[in-house]
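Results of the structural survey
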Amino acid sequence: MFGEGFRAFVTDWDKVTATVAGLTLLAVGVYSAKNATAVAGRYVEARLGKPSLVRETSRVTVLEALRHPIQVVARAWPPPQCGSWLSPFCPLEARVRDIAIATRNTRRNQSLYRNVLMYGPPGTGKTLFAKKLALHSGMDYAIMTGGDVAPMGREGVTAMHKVFDWASTSRRGLLLFVDEADAFLRKRATEKISEDLRATLNAFLHRTGQHSSKFMLVLASNQPEQFDWAINDRIDEIVSFDLPRQEERERLVRMYFDKYVLKPATEGRQRLKLAQFDYGRKCSEVARLTEGMSGREIAQLALAWQAMAYASEDGVLTEAMMDARLQDAVQQHQQKMSWLKAEGPGPGDERPPS
């Protein structure tokens, strides 16, 4: 009986055609649904999820907005910023200020952002400048590190595309800061890099081939001469961040002394007091004795003063205690410089002057 029914079915061409068409439409519907789900998933991921390569960002996720609505509103309309914050971190004050003003006006006019390369010794304020540039311009920022890319292997290409998909959905515009960019943006012709890293570099080049009105690329490097030429071709502005001179060191010393010592001591909310001495004269003396130190080393010195006061019996920081920590910091800096001299400069290495 089944055989007769089957023969009747296959001999009826209209029934066969209708059945095949129905199965085809069903298959197309299933495939389309899966495709639509995948597309929707990628859209939601780009909108809501922070990419794995992004270490830090000022961009607010939906979950953060639900948890902290007041803070989110305050971040959406930050107070106006003046240009004076630039002066302690870069000797080319006018040049850096021009970049900040141009970036802010670019965002206001919804034009194409220019890409910036910042190079110089570690600890000279490149990351801090990138954050302040985003704040000054009313943009979000995201920080990724070149050293995180190579270990990803085959997942690097997908992770890189996720970063740029996510960056392109920012309503405020996103400043994408790539620290230690030379760790993966190396010369493809001469450097021995893995195929996975080469593919990730190609993905980065593909996504940055044209200027964008959605994101601004800021690269930081200690060894910019190792960049692939295609990376150099994408750079519009180059800014050198040198070690701070005495005038800039004094600004930094005063700023970090105020942040880590003076404010906690005067607010009275922490176990820290400050003995009576000439704070201005002491800051000038410290600036004179810290020649060759970076801004990060000066910040670490101020934190060491704070820690020394916390460790004392009465919580009072004296001038003698500051001198002792200053002497230790100078000796440690000299020791680091001696290690660098013993190691010797490698090809393309950039060494901070002692």
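Everything that follows concerns the structure shown earlier in this document.
So, here's what we can say about the structure. Fair warning: this is a prediction, and the values are worked out from it, not measured in the lab. (Residues numbered from 1 in each chain as written. Predicted model: local features only at pLDDT ≥ 70, side-chain atom pairs only at ≥ 80, totals over all residues. Heavy atoms only, no water.)

**Section: the pairing of strand S2 (residues 116-119)**
- Where S2 meets strand S5 (residues 215-221), four bridges bridge the pair, whose relative direction is parallel. Bridged to Tyr119 within S5 is Ser221.
- Judged from the four bridges that link them, S2 and strand S6 (residues 237-240) form a sheet pairing that is parallel. Each bridged residue has a counterpart across the sheet, and for Tyr119 the counterpart in S6 is Ser240. (Pairing = 2+ DSSP bridges. Helix = DSSP H or I, 4+ residues; strand = E, 2+ residues; numbered from the N terminus.)

**A look at the side chain of Thr106**
- Structurally, the position occupied by Thr106 is in helix H5 (residues 93-108).
- Polar contacts involving the side chain of Thr106 include one to the main-chain carbonyl oxygen of Ala102, which spans 2.7 Å.
- Sequence-distant contacts of Thr106, that is, excluding residues within four places in its chain, are made with Ser111, Leu112 and Tyr113. (Polar contact = N/O pair within 3.5 Å; in protein donor to acceptor, adjacent residues only side chain to side chain. Contact = heavy atoms within 4.5 Å.)

**A few points about the packing of aromatic side chains**
- The full count for this structure, using the stated rule, is eight aromatic pairs.
- Residues Tyr256 and Tyr260 carry aromatic rings whose centres are separated by 6.0 Å and whose planes lie at 10° to one another, so their mutual orientation is stacked. Of this pair, Tyr256 and Tyr260 both sit in helix H10 (residues 246-267), four residues apart, which is roughly one turn of the helix.
- An aromatic cluster of three or more residues is present, and its members are Phe164, Phe184, Phe204 and Phe215. (Phe/Tyr/Trp six-rings, centres within 6.5 Å; stacked < 30°, edge-to-face > 60°.)

**A short note on the pattern of salt bridges**
- Applying the stated criterion across every chain, the model contains 17 salt bridges.
- Glu195 serves as the salt-bridge partner of Arg198, at 3.9 Å between the closest nitrogen and oxygen. In this pair, Arg198 and Glu195 both sit in helix H8 (residues 195-207), three residues apart, roughly one turn of the helix.
- The partner of Glu319 in a salt bridge is Lys282, with the nearest N and O atoms 3.2 Å apart. Note that Glu319 is positioned in helix H13 (residues 319-343) and Lys282 in helix H11 (residues 279-289), a separation of 37 residues in sequence.
- When salt bridges that share partners are traced, they join Arg281, Lys282, Glu285, Glu319 and Asp323 into one network. (Salt bridge = Lys/Arg side-chain N within 4 Å of Asp/Glu carboxyl O.)

**A look at the environment of Ala287**
- By secondary structure assignment, the location of Ala287 is in helix H11.
- Each C-alpha atom of the pair Ala287 and Arg249 lies 5.2 Å from the other, and the pair is 38 residues apart in sequence.
- Excluding its chain neighbours within four sequence positions, the residues that come into contact with Ala287 are Gln246, Arg249, Glu250 and Val253.

**Notes on the side chain of Gln226**
- With respect to the helices, strands and loops of the structure, Gln226 is situated in the loop between S5 and helix H9 (229-232).
- A distance of 2.2 Å separates a polar atom in the side chain of Gln226 from a polar atom in the side chain of Arg186.

**Description of H5**
- With 16 residues, H5 extends 23 Å between its outermost C-alpha atoms, agreeing within 8% with the 22 Å of an ideal straight helix rising 1.5 Å per residue.
- Those residues of H5 that sit buried are Val96, Ile99, Ala100, Thr103 and Thr106. Taken down its axis, H5 places every buried residue within 130° of arc, on the same side. Exposed side chains of H5 directed beyond 90 degrees from the buried face belong to Asp98 and Arg108.
- With its phi angle positive at about 55°, Gln110 sits one or two positions after the end of H5. (Expected span 1.5 Å × (residues − 1). Buried < 20%, exposed > 50% of the residue type's maximum accessible area, 1.4 Å probe, protein only. Arc of directions from axis to C-beta.)

**Side note on the packing of H10 against helix H12 (residues 295-311)**
- Where H10 meets H12, the axes come as close as 9 Å, and the angle between the chain directions of the two elements is 30°. As summarised for this structure, H10 and H12 are arranged roughly parallel, according to the angle between their axes. Between H10 and H12 the crossing geometry is right-handed. On H12, the residues that touch Arg249, Leu252, Val253, Tyr256, Phe257, Tyr260, Val261 and Pro264 of H10 are Gly295, Ile298, Ala299, Ala302, Leu303, Trp305 and Gln306.
- Looking at side-chain class alone, the contact of H10 with H12 contains 12 nonpolar, two polar and one charged residues. (Axes fitted to C-alpha atoms, helices over the stretch in contact; angles between N-to-C directions. Parallel < 35°, antiparallel > 145°, perpendicular 65-115°, else oblique. Left-handed = near helix turned anticlockwise from the far one by under 90°. Nonpolar A, V, L, I, M, F, W, Y, C, P; charged D, E, K, R; others polar.)

**Re the pairing of S5**
- Counted residue by residue, S5 has seven buried out of seven residues, so it is predominantly covered.
- Neither face of S5 is left uncovered, since the one carrying Phe215, Leu217, Leu219 and Ser221 and the one carrying Met216, Val218 and Ala220 both have all their residues buried.
- With five bridges connecting them, strand S4 (residues 174-179) and S5 associate as parallel partners. Within the sheet, the bridge partner assigned to Phe177 lies in S5 and is Val218.
- The handedness of the S4 to S5 crossover, carried by H8, is right-handed. (Right-handed = clockwise from strand over helix to strand, strands pointing away.)

**Thoughts on unusual backbone geometry**
- A positive phi angle is found at Gln110, which is not glycine, with a value near 55°.
- By secondary structure assignment, the location of Gln110 is in the loop between H5 and S2.
- Classification of Gln110 by relative accessible area gives exposed; the value is 70%.
- Backbone geometry places Glu180, a non-glycine residue, at a positive phi of 50°.
- Along the chain, Glu180 turns up in the loop between S4 and H8.

Spatial relationships are all this shows, so hold off on functional conclusions.
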